[in-house]
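Architecture at a glance
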Amino acid sequence: MVDIAKRRFFTRKKIDTSQVKLPWVNNLQQFTDLCTRCGKCEEACETRIIQKGDGGYPSVDFTIDECTFCYKCAEICPEPIFNSADTEPWSAKAGISDTCLANNNVECRSCGDSCETMAITFKLRAGGVALPQLELADCNGCGACVSTCPTSSISVSNV
Ligand code: SF4
Ligand code: SF4
Ligand code: SF4
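Think of each chain on its own: its residues are numbered from 1, step by step along the sequence as written. For this description, chains carry letters from A and ligands carry numbers from 1, given in the order in which they are written. A pLDDT threshold of at least 70 governs which residues receive local features in this predicted model, and a stricter bar of 80 or more applies before side-chain atom pairs are shown or counted, although totals over entire chains, interfaces and linings include all residues. With hydrogens and water excluded, all non-hydrogen atoms of the structure serve as input to the side-chain values.

For the chain, the name recorded in an unreviewed UniProt entry is Ferredoxin-type protein NapF, with Vibrio maritimus as its organism. UniProt positions are given in the numbering used here, feature names are shortened, and annotations may be inferred rather than shown by experiment. Quoted straight from UniProt, the Subcellular location (unreviewed entry) entry for the chain says "Cytoplasm". Checking UniProt for the chain, the heading Subunit (unreviewed entry) contains the comment "Interacts with the cytoplasmic NapA precursor."

Regarding the UniProt feature "binding site: [4Fe-4S] cluster 2" (unreviewed entry) in the chain
The UniProt record marks Cys 67, Cys 70, Cys 73 and Cys 77 with the feature "binding site: [4Fe-4S] cluster 2" (unreviewed entry), using the residue numbering of this structure. Working definition: helices are DSSP H or I runs of at least four residues, strands are E runs of at least two. Numbering for both runs from the N terminus. For Cys 70, the position within the fold is in the loop between strand S2 (58-60) and helix H4 (72-76). In this structure, Cys 73 sits in helix H4. Leave out the neighbours within four places in its chain, and Cys 73 touches Pro 23, Cys 41, Ile 50 and Phe 82. Residue contacts follow a heavy-atom distance rule, with two residues in contact if any of their heavy atoms lie within 4.5 Å.

Overview of the site of ligand 2
The full set of residues close to ligand 2 is Ala 94, Cys 115, Thr 117, Ile 120, Leu 134, Cys 139, Asn 140, Gly 141, Cys 142, Gly 143, Ala 144 and Cys 145. Asp, Glu, Lys and Arg are counted as charged, while Ala, Val, Leu, Ile, Met, Phe, Trp, Tyr, Cys and Pro are counted as nonpolar; the rest, among them Gly, fall into the polar class. For the shell around ligand 2, the class distribution of residues is eight nonpolar, four polar and no charged. Residues are classed as near a molecule or strand on a simple rule: at least one heavy atom within 4 Å of it.

A few points about the nonpolar core
Judged by nonpolar contacts, the single largest core of 36 residues is most densely connected at Phe 31, Ile 50, Val 60, Phe 62 and Phe 82. Elements with a minimum of two residues in this core: helix H2 (28-34), H4, strand S3 (92-96), strand S4 (120-125), helix H6 (144-148) and strand S6 (154-158). If near-sequence neighbours (up to four positions away) are discounted, Phe 31 is found in contact with Lys 21, Leu 22, Val 25, Tyr 57, Pro 58 and Ile 81. For the purposes of this section, nonpolar cores are sets of buried Ala, Val, Leu, Ile, Met, Phe, Trp, Tyr and Cys residues that join through side-chain atoms within 4.5 Å. To sort residues, take the accessible area from a 1.4 Å probe on protein chains only and compare it with the maximum for the residue type: under 20% means buried, over 50% means exposed, and anything in between is partly exposed.

Right, here's the structure in full:
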């Protein structure tokens, strides 16, 4: 028997709202209160990016693959956790760190090649290789750029 009150007490302290958990799950407090950690969304995810995260709660891992926004995780979930499919899945956006190869003058355009929305483009500059430019307004937080980056320079978080 799960002691809900006890679980809430322990989970409430840990919530980091910048962390991307699942699409169409905006209220992380409600998520940890209602999620039973049954694992159904993990099994349903077509790109297998839903893994057990902190405390056994499901969480997307973009180092594995991208979110295709297929909504299968939401459809299979027996609890009232996910928002409806006609709403924005999340406010997540990509961010590129200074360890980027191009930033260190090594030619690389992998992230741009993987970005379907063309949020990442490359700007030529004099005396160096082209640098990635991220247009946040065009980024849907799919995470496709994360696993393709050879230097793990891209992360996706809620903004
Ligand atoms: S929307 Fe689809 S691809 Fe994205 S996390 Fe859910 S099941 Fe996986
Ligand atoms: S998260 Fe997706 S949309 Fe955003 S920059 Fe990366 S590949 Fe493009
Ligand atoms: S894939 Fe990574 S290393 Fe390559 S340009 Fe993009 S951020 Fe830089």
